[in-house]
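Fold and contact review
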Amino acid sequence: MRKWFEKLWEELNKIVIFRSLRFRISVLIILVGVVCCFGMRFGILRNYFSRAVEVRTTDVQSQLQILANHLISYDYLMNPSSDVVNAELEQVANLYDGRIMVIGGNYAILKDTYNVATGKYMISEEVIRCFKGVILSHYDNENDYIEIAVPITNTVEEKNETVGVILASVSTTTLVQNEEILSRNSWIFVFLLLAVVLVVAFFMPRIMLRPFNRLSDAISEVKSGFTDEAIAVNDYVETEHIADSFNQVMERMKVMEESRQEFVSNVSHELKTPLTSVKVLADSLNNQDDVPVEVYKDFMSDICDEIDRENSIINDLLSLVKMDKKSANLNITSVDVNALIESVFKRLSPLAQRNQVEMVFESIRQVNAELDEVKFTLALTNLIENGIKYNQRGGVVKVTLDADYQFFTITVTDTGIGIAEEDQKSIFERFYRVDKSHSREIGGTGLGLAITRNAILLHRGSVVVNSELGHGTTFTVKVPINYAVNSKAAAEAVEAKKQSTEQ
Ligand SMILES: Nc1ncnc2c1ncn2[C@@H]1O[C@H](COP(=O)(O)OP(=O)(O)OP(=O)(O)O)[C@@H](O)[C@H]1O
Ligand SMILES: [Mg+2]
């Protein structure tokens, strides 16, 4: 049944109009309206009829009660020929379009207003029960009559003994006829109400959805470029939320667009600088005659340096572009992190020696983690290389490795020049260099930390910087030991990242 319903729902959803909210609200109003109209009509009619039967029963019962008292006072059971009582019995019977029988103590019928059973006996269950003092009534809906039995109680000398029974059956034909008239009239009422429901179903969704249309128009205006101002439709909380979310997306897109433009101009500038140098060097050689070989070699060596620089910028850019793609590009294997750090140390030791910087590795724990070795090495190399480059002679770069059951942590601490507080938030941006002239002297493109951060984020890890100008810098990298493929582990990693960012 459920499957059948799901299939039907799926099929209905293929119809475009069915997916329209306005159509759905209209259908809902019509359905609720129809159910209410018919339900109300049914309820009113049913209630009317049962109430009418109840009223008729109580009426007749009280009339019979009065009659029973008259029967006692006229001693009718002993002398059933009393004209007054007989006339009264006939009158009540006619009034309710029914039949009244008076039954004496020996179950003999003393009076029958139909004059067919007088003198006969009536021994039925109702009569027997009524003789015990119980007033009985029963509605026979098949034959349209109410049967009522009222005991005739002798209250003289406070005896309270049932000496006879009045049995009446009254017709409910008039009640049925009234119900039919009411039923016919109620159709007019139902149709009028349905007309109102249809009008409401047509206009109400239009009015209700007007703010959403305005929202859609506002978004279209932004989309087609007429305006880039924030939109506001505050009629409903829902429209307010959508407008807020849209404005936030627009804000993000603006920031992204600005950073894209900045990136493009930075890239162009960075790529042009070595080329300009090469051009200047080549031109000056070209414009001179009989240039000595030494000068040629000197210039050519400078040209080679500039080409290397250009090459390194392009390589860095390619690494960044590769890492901008999804994590599907990660080549995850189980990596011995201690060995990885040692191999980075080995590769950087010539640079450290040249800069007279000591490198120290402190491993608190042996760590094996699921990593993309190439990308992670790239990230770590840049951090340690920075520690060496932005250090002073005789300085130290210390790397520590520790782990808990979920994450491993690497810290890279140097005793170098440090980074000012206001620069710390920008150093991970592409091409950002704190002191441009000094950095240029040291060498580098300003892409290293952007690559580092991207590589670590791809591993669902975090990197934070702590630095004091003139004293040194510490970068702390925290990465899940097991690459978080499932959502729970990913969520924990994100949580850990959030915590480390807050610190
Ligand atoms: N350990 C550090 N101590 C002081 N300043 C640092 C340190 N690490 C980075 N910086 C500053 O942050 C800037 C950005 O670093 P990043 O590694 O991104 O670029 P880079 O080292 O200049 O070039 P490369 O792309 O070759 O790494 C550096 O230019 C430097 O000013
Ligand atoms: Mg660097």
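Quick caveat: nothing in here was measured; it's all calculated off a predicted structure.

Turning our attention to the domain arrangement of the chain. Split into domains, the chain comes out as domain 1 (2–46 + 180–217), domain 2 (64–178) and domain 3 (329–502). For domain 2 versus domain 3, the separation of C-alpha centres amounts to 107 Å.

With 51 residues, the main nonpolar core has Val337, Ile384, Ile388, Phe408, Ile410 and Phe475 as its most contacted residues. At eight residues, helix 8 (residues 337–355) tops the list of elements feeding residues into this core. Judged by nonpolar contacts, the second largest core, of 26 residues, contains Val92, Ile146, Ile148 and Ala168.

With 50 residues, helix 6 (residues 237–286) should reach 74 Å at 1.5 Å per residue; the first-to-last C-alpha distance of 72 Å fits that figure. Every buried residue belonging to helix 6 is among Thr239, Ala243, Phe246, Asn247, Val267, Glu270, Pro274, Val278, Leu281 and Leu285, and all of these are buried.

Among the structural elements, Arg56 can be located in helix 2 (residues 21–73). Among buried Asp, Glu, Lys and Arg side chains, Arg56 stands out as unpaired, with Asp59 the closest opposite charge at 5.5 Å.

It is worth spelling out the sheet that holds strand 7 (residues 358–363) at this point. Pairing is mixed in the open sheet, where five strands are placed in the order 7-9-10-12-11. Strands at the two margins of the open sheet, each flanked by one partner only, are strand 7 and strand 11 (462–468). Neighbour-to-neighbour, the strand axes of this sheet turn through a mean angle of 15°, independent of strand direction. With eight bridges joining them, strand 10 (residues 407–414) and strand 12 (residues 472–480) adopt antiparallel strand pairing.

In space, the five strands of this open sheet follow the order 2-1-5-4-3, with antiparallel pairing throughout. Both outer strands of the open sheet, strand 2 (109–112) and strand 3 (136–140), are each paired with one neighbouring strand and no more. Strand-to-strand twist across the sheet, computed as the mean angle between neighbouring axes with direction ignored, equals 15°. Here five bridges tie strand 3 to strand 4 (residues 145–154), and the two strands are oriented antiparallel to one another. In the strand pairing of strand 4, Tyr139 is matched with Ile146. On top of the sheet, helix 2 reaches strand 1 (98–103), strand 3, strand 4 and strand 5 (161–171); it is set at about 30° to strand 4, its chief contact.

A word on the state of the cysteines. Counting across every chain of the model gives zero disulfides. In this structure Cys37 is a free cysteine whose sulfur lies 7.0 Å from that of Cys36, the closest cysteine sulfur available. By relative accessible area, which is 3% here, Cys37 ends up buried.

For the rest of this paragraph, the subject is the site of ligand 1. As a structural note, the neighbourhood of ligand 1 is formed by 22 residues, with Asn386, Arg433, Thr445, Gly448 and Leu449 the closest of them. A distance of 2.8 Å separates a nitrogen atom of ligand 1 from a polar atom in the side chain of Asp414. If ligand 1 stood free it would expose 590 Å²; the protein chains cover 96% of that surface. Take the shell around ligand 1: its biggest share by element is three residues, from helix 9 (residues 373–389). Its residues assigned to classes, the shell around ligand 1 shows nine nonpolar, nine polar and four charged.

At this site the magnesium ion (ligand 2) is bound by Asn382 (OD1) and Asn386 (OD1), with donor distances of 2.2 to 2.4 Å. Remark: Asn386 and Asn382 occur in helix 9; sequence separation between them is four residues, near one turn of the helix. The buried category is assigned to Asn382, whose relative accessible area is 11%.

Here we come to unusual backbone geometry. Within the chain, Asn115 stands out as a residue other than glycine whose phi angle is a positive 55°. Residue Asn115 is classed as exposed on the basis of its relative accessible area of 55%. Backbone geometry at Gln356 places phi at a positive 55°, although glycine is not the residue there. Within the element layout of this structure, Gln356 appears in the loop between helix 8 and strand 7.

Cut-off values and rules
Residues numbered from 1 in each chain as written. Chains lettered and ligands numbered in written order. Predicted model: local features only at pLDDT ≥ 70, side-chain atom pairs only at ≥ 80, totals over all residues. Heavy atoms only, no water. Domains from an automatic or database assignment. Core = buried A, V, L, I, M, F, W, Y, C linked by side-chain atoms within 4.5 Å. Buried < 20%, exposed > 50% of the residue type's maximum accessible area, 1.4 Å probe, protein only. Helix = DSSP H or I, 4+ residues; strand = E, 2+ residues; numbered from the N terminus. Expected span 1.5 Å × (residues − 1). Lys, Arg positive; Asp, Glu negative; His and termini not counted. Salt bridge = Lys/Arg side-chain N within 4 Å of Asp/Glu carboxyl O. Pairing = 2+ DSSP bridges. Axes fitted to C-alpha atoms, helices over the stretch in contact; angles between N-to-C directions. Contact = heavy atoms within 4.5 Å. Disulfide = S-S within 2.5 Å. Near = heavy atom within 4 Å. Polar contact = N/O pair within 3.5 Å; in protein donor to acceptor, adjacent residues only side chain to side chain. Areas by Shrake-Rupley, 256 points an atom, 1.4 Å probe, with all protein chains shown as cover. Nonpolar A, V, L, I, M, F, W, Y, C, P; charged D, E, K, R; others polar. Donors = N, O, S within 2.8 Å, 3.2 Å for Na, K, Ca; no water.

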